[in-house]
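# Commentary on secondary and tertiary structure
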Amino acid sequence: MIAAALLFWRLNQGPIPLDVLTPHLEQALRVDEKGLRARIGSTRLVWAGWERAVDLRASDVQAIAPDGGVVAALPDIAIRLSLTELARGQIRPTEVELVRPRLRLNRAADGRIDLGLGESGDTGDSGLLLAALLDDLSGPKRSGAWIGILDRVVITGADLSVSDLAEGMLWRATDVDLRFE
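Per chain, residue numbering runs from 1 following the sequence as it is written. Restriction of local features to residues with pLDDT of at least 70 applies here, the model being predicted, together with a cutoff of 80 or more for giving and counting side-chain atom pairs; totals for whole chains, interfaces and linings are based on all residues. Hydrogens and water are ignored here; the side-chain numbers use all heavy atoms of the structure.

## A short note on the confidence of the model for the protein
The pLDDT value tells you how sure the predictor is about a given residue, anywhere from 0 up to 100. Averaged over all residues, the pLDDT of the protein equals 77, while 73% of them reach at least 70. Considering each helix and strand of the protein separately, the mean pLDDT is smallest for helix α4 (residues 127-138), with a value of 60, and largest for strand β9 (residues 169-180), with 91. Helix and strand labels come from DSSP, where a helix needs a run of H or I of at least four residues and a strand needs a run of E of at least two; each type is numbered from the N terminus.

Spelled out as structure tokens, the structure:
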């Protein structure tokens, strides 16, 4: 009880830096089958309100392709961890929240679809990342696969743009919230 009270008091003072966890979190978010890895600028523990209690927050998150190119860049992600897996010494997220991402959906004149996920819009095609996530979500549960216990992906405050070059159409929405379960 005393430890919980001290943690609550400390979280009310502001986020607790946990950069010592950054390499472990990067390893947990790795998708070995596709050669994708994560690069995280900083990690901290934050008070997320009474409904969620605490979140592990990662800032300046990038998904890196095998060739070293950035396929997705996000300003912040909030991660809710499985307490059962944490007790076993494993970092496995049950919920991931993308905070204020920039999402781009482009349909080329030939019908090809490209999804960009990044702050500045200069990241490459995120198709490799999406293919890896869809493979993991639709395939059989593998031992040690972090996405196997993922229950929810939430996107809050997104800047969404959709362009259809075949139809000559551009659509944009700001402050978009999405929830996938």
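## Structural notes on unusual backbone geometry
Positive phi values are uncommon outside glycine, yet Asp 60 reaches one of about 55°. Along the chain, the position of Asp 60 falls in strand β3 (residues 53-64). Asp 60 gets classed as partly exposed once you look at its relative accessible area, which sits at 48%. Of note, the phi angle at Asp 175 is positive, near 55°, even though the residue is not glycine. Here Asp 175 lies in strand β9. Look at Asp 175 and you get exposed, because its relative accessible area is 60%. The classification of residues rests on relative accessible area computed with a 1.4 Å probe and restricted to protein chains. Under 20% of the type maximum is buried, over 50% is exposed, and intermediate values are partly exposed.

## A word on the pairing of strand β8 (residues 152-164)
Judged from the five bridges that link them, strand β5 (residues 93-99) and β8 form a sheet pairing that is parallel. Note that in β8 the partner of Glu 97 across the bridge is Val 154. For strand β6 (residues 102-107) and β8, the ladder comprises six bridges, and the chain directions are parallel. Across the sheet, residue Asn 106 finds its bridge partner in β8, namely Ser 163. When DSSP locates at least two bridges between a pair of strands, those strands are taken to pair. In this structure, β8 lies alongside β9, joined through nine bridges in antiparallel fashion. Residue pairing across strands places Ile 155 opposite Leu 178, the latter belonging to β9. The hairpin turn running from β8 into β9, its antiparallel successor, is four residues long, and Gly 168 in that turn takes a positive phi close to 70°.

## A closer look at the environment of Ala 78
Positionally, Ala 78 belongs in strand β4 (residues 70-81). The class for Ala 78 is buried, based on a relative accessible area of 0%. Linking Ala 78 and Thr 43, residues 35 residues apart in sequence, is a C-alpha distance of 9.8 Å.

## Quick look at the environment of Arg 10
Here Arg 10 lies in helix α1 (residues 2-13). Taking the relative accessible area as the measure of exposure, Arg 10 reaches 29% and is therefore partly exposed. Between the alpha carbons of Arg 10 and Trp 47 there is a distance of 9.5 Å; along the sequence they are 37 residues apart. Not counting residues within four places of it along the chain, the set of residues in contact with Arg 10 comprises Pro 15, Ile 16 and Pro 17. Whether two residues are in contact is decided by their heavy atoms: any pair within 4.5 Å suffices.

## So, the side chain of Glu 95
With respect to the element layout, Glu 95 can be found in strand β5. On the basis of relative accessible area, Glu 95 is assigned to the buried category, the value being 5%.

## Remarks on the pattern of salt bridges
The salt bridge definition used is simple: a Lys or Arg side-chain nitrogen within 4 Å of an Asp or Glu carboxyl oxygen. On inspection of all chains with the given rule, the structure shows eight salt bridges. Where Asp 76 meets Arg 100, a salt bridge forms, and the shortest distance between an N and an O atom there is 3.1 Å. Here the residue Asp 76 occupies a position in strand β4, and Arg 100 occupies one in the loop between β5 and β6, the gap between them amounting to 24 residues. In this structure, Glu 95 engages Arg 152 in a salt bridge whose closest nitrogen and oxygen atoms are separated by 2.7 Å. Highlighted residues: Glu 95 in strand β5 and Arg 152 in strand β8, separated in sequence by 57 residues. On the basis of relative accessibility, which here comes to 19%, the residue Arg 152 falls in the buried class.

## Some points on the side chain of Ser 163
By the secondary structure assignment, Ser 163 is in strand β8. Side-chain atoms alone can form a polar contact between residues adjacent in sequence; in general such a contact is a pair of N or O atoms within 3.5 Å, and within protein one must be able to donate a hydrogen while the other accepts it. One polar contact links Ser 163 to Asn 106, side chain to side chain, over a distance of 2.6 Å. When residues no more than four places from it in sequence are discounted, the contact partners of Ser 163 are Leu 105, Asn 106, Arg 107, Met 169 and Leu 170.

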